[in-house]
Every structure is written in C-alpha cells, then in structure tokens.
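Okay, here's what each chain looks like letter by letter:
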Amino acid sequence: VMDISPGGARVTLPSDWAPVDGAALKILFSPDSDHTVLLQARVTRVASDHLGVEFCGDQSDNVRQLLQLLDNPG
C-alpha cells in the first residue's frame, strides 16, 4: 500500500496481474500479526506501477479500524 485514506488506497501493481477499471476486489490488510481487516473495493485507476482502489459500500467501521491500526501499530 502506497497511500490510504477513508475512501480508498493507492496500491503497488503486482507484475503478474493486469486489472481492469471497475474490477471488484477483496483486499486483506494485515497491519500486525494480531489484526486483519478485509475490505471490498473496486479498481478506479490503473497506472504503469500502481492502481487506485475505492472502498465499496458502508465499511466505515472497518476502514476506521484499519486507519487506527496503521497509526498506532502494536
């Protein structure tokens, strides 16, 4: 993850995958060994080395939990 906000994220593009705009994704974040957060997202932008994703639906509690874990690891 290169950047993250309450609405989405910018993610490094894997070399072995070519997503299309609008593709649905499930993204599993593991900020530490005790916590994981699964978010539904969709691809909104594909660049040469990264992609932009928008978090889907009302996942505000999960996104808030993830942002707190990233701000205060451990």
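Residues numbered from 1 in each chain as written. Predicted model: local features only at pLDDT ≥ 70, side-chain atom pairs only at ≥ 80, totals over all residues. Heavy atoms only, no water.

Draft legend 1. Inspection of the pairing of strand β4 (residues 35-46) at higher detail. Of the strand pairs in this sheet, strand β3 (residues 24-32) and β4 are connected by 7 bridges, and their pairing is antiparallel. By the bridge assignment for β4, K26 is matched with Q40. Counted between consecutive antiparallel strands, the loop separating β3 from β4 contains 2 residues. Pairing of β4 with strand β5 (residues 50-55) involves 5 bridges; the strand directions are antiparallel. (Pairing = 2+ DSSP bridges. Helix = DSSP H or I, 4+ residues; strand = E, 2+ residues; numbered from the N terminus.)

Draft legend 2. View of the pairing of β5. Counting buried residues along β5, 5 of its 6 residues qualify, which places the element largely inside the surrounding structure. The hairpin turn running from β4 into β5, its antiparallel successor, is 3 residues long. (Buried < 20%, exposed > 50% of the residue type's maximum accessible area, 1.4 Å probe, protein only.)

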